[in-house]
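Single-letter residue listing:
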Amino acid sequence: MPPVKNHAKTKQNMNSSIFRLLNEELYTKSSGFSAQKFKESPELFKIYHDGYKQQLDQWPIKPFDIASKFVQQFKNNEKIGDIGCGTAQLAQKFKQCNIESFDIGCTDDIKELVRIANMTNLPVADEYFDALVYSLSIMPTDQYKVLNEAHRILKMNGTMLIIEVISRVKNVDEFAKKVEKYGFKCTIKEENKFFFSCEFQKIEKGEGTGGLLDPCIYKRR
Ligand SMILES: C[S@@+](CC[C@H](N)C(=O)[O-])C[C@H]1O[C@@H](n2cnc3c(N)ncnc32)[C@H](O)[C@@H]1O
């Protein structure tokens, strides 16, 4: 094999390994740890999302389709927060919607669209959003902080969509009940072989403390 090809293959293998390690870290460390990691090494964000895209291509059902259906119901310029937006696919596709995207990293091509922020401490006022999307993004171990922050930034009666990998919960009903303790009511629950999605309405004051989701670790090669 010519050396150039070898080099490309080695780089690809290295990036796949970095993706797996990063993924494991994002799911097993606190939000502060991950935010600091992407701040110190911004190039990791692209490596992570290249690996994540490969993972995504293997799933016959796409979480993006669930999130797309959700955002399209908001036709009156309601403020929608895409929290842990990744490559900001929602804001890029639904330009007619009022979507604000947040993540702990981004690449140059989407920097106009993404605000760098930790989902446990978002730079917006209380009750700012009409709707929130968390698509496969509740990764850090301090999940209680993520949920309490979601409660703070969402308007009363506002809607929150959580989409997650089904293997992260033992039971979707149990998951929904845990989220309800944070001051929400589950209005829609759906699941398939790969993912589940729940819509919650903010209905009351509430401050939860417990964890919700197991880590999602992809197999090592
Ligand atoms: C698996 S990706 C999903 C991206 C996107 N929501 C999607 O559905 O394609 C999870 C994203 O959550 C982001 N993330 C993880 N921890 C975060 C935190 N503490 N605050 C903000 N974003 C975070 C990661 O950087 C990553 O872009």
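Predicted model only: the values in this text are computed from it and were never measured.

## Points about the overall build of the protein
Across its full length, the protein holds seven helices and seven strands. Counted from the first residue to the last, the protein has its helices and strands arranged as α-α-α-α-β-α-β-β-β-α-β-α-β-β. In terms of overall dimensions, the protein is globule-like: its C-alpha atoms have a radius of gyration of 18 Å, near the 17 Å expected for 221 residues. Across its three principal axes, the protein shows a C-alpha extent of roughly 65 × 35 × 30 Å. In the protein, buried positions account for 48% of the 221 residues.

## Observations concerning the nonpolar core
Within the largest apolar cluster, 38 residues are counted, with the highest numbers of intra-cluster contacts made by Tyr-48, Val-71, Ile-80, Ile-99 and Val-133. Within the residue set of this core, elements represented by two or more residues are helix 1 (3–28), helix 2 (31–40), helix 3 (43–57), helix 4 (63–71), helix 5 (89–93), strand 4 (129–135) and strand 5 (154–165). For this core, the element with the highest residue contribution is helix 3, accounting for five residues. Sequence-distant contacts of Val-71, defined by excluding residues within four places in its chain, comprise Ile-80, Leu-90, Phe-94, Cys-97, Ile-99 and Val-133. Among the nonpolar cores identified, the runner-up in size contains 30 residues, and Phe-129, Phe-175, Val-179 and Cys-198 belong to it.

## Here's the deal with helix 3
A rise of 1.5 Å per residue sets the reference length of helix 3, with its 15 residues, at 21 Å; its end C-alpha atoms lie 22 Å apart and thus fit the reference within 8%. Taken together, the buried positions of helix 3 are Leu-44, Phe-45, Ile-47, Tyr-48, His-49, Gly-51, Tyr-52 and Gln-55.

## Thoughts on the site of the ligand
Lining the immediate environment of the ligand, one finds 18 residues, of which His-49, Gly-84, Asp-103, Met-119 and Ser-135 sit closest. In this structure, an oxygen atom belonging to the ligand sits 2.8 Å away from a side-chain N or O atom of His-49. Measuring from a nitrogen atom of the ligand, one finds a side-chain N or O atom of Asn-118 at 3.0 Å. In isolation the ligand exposes 590 Å². Once the protein is present, 94% of that is buried. Listed by contribution, the elements that provide at least two residues to the shell around the ligand are helix 2 and helix 3. Residue contributions to the shell around the ligand peak at four residues, all from helix 3. Here the residues of the shell around the ligand are counted per class, giving 10 nonpolar, seven polar and one charged.

## Quick look at the sheet that holds strand 1 (residues 79–83)
The strands making up a sheet associate through backbone hydrogen bonding, with each pair oriented either parallel or antiparallel. Spatial strand order, 3-2-1-4-5-7-6: seven strands in an open sheet with mixed pairing. The open sheet has two edge strands, strand 3 (114–116) and strand 6 (184–191), and neither has a second partner. For this sheet, the mean angle separating the axes of adjacent strands, direction not counted, is 20°. Where strand 2 (residues 98–103) and strand 3 come together, three bridges link them in parallel fashion. Considered in strand 3, the bridge of Ser-101 is made with Val-114. Strands in contact with helix 4 are strand 1, strand 2, strand 4, strand 5 and strand 7 (195–202); relative to strand 5, the strand with the most contacts, it is inclined by about 165°.

The rules behind the values
- Residues numbered from 1 in each chain as written.
- Predicted model: local features only at pLDDT ≥ 70, side-chain atom pairs only at ≥ 80, totals over all residues.
- Heavy atoms only, no water.
- Helix = DSSP H or I, 4+ residues; strand = E, 2+ residues; numbered from the N terminus.
- Rg over C-alpha atoms; globule rule 2.2 N^0.38 Å.
- Buried < 20%, exposed > 50% of the residue type's maximum accessible area, 1.4 Å probe, protein only.
- Core = buried A, V, L, I, M, F, W, Y, C linked by side-chain atoms within 4.5 Å.
- Contact = heavy atoms within 4.5 Å.
- Expected span 1.5 Å × (residues − 1).
- Near = heavy atom within 4 Å.
- Polar contact = N/O pair within 3.5 Å; in protein donor to acceptor, adjacent residues only side chain to side chain.
- Areas by Shrake-Rupley, 256 points an atom, 1.4 Å probe, with all protein chains shown as cover.
- Nonpolar A, V, L, I, M, F, W, Y, C, P; charged D, E, K, R; others polar.
- Pairing = 2+ DSSP bridges.
- Axes fitted to C-alpha atoms, helices over the stretch in contact; angles between N-to-C directions.

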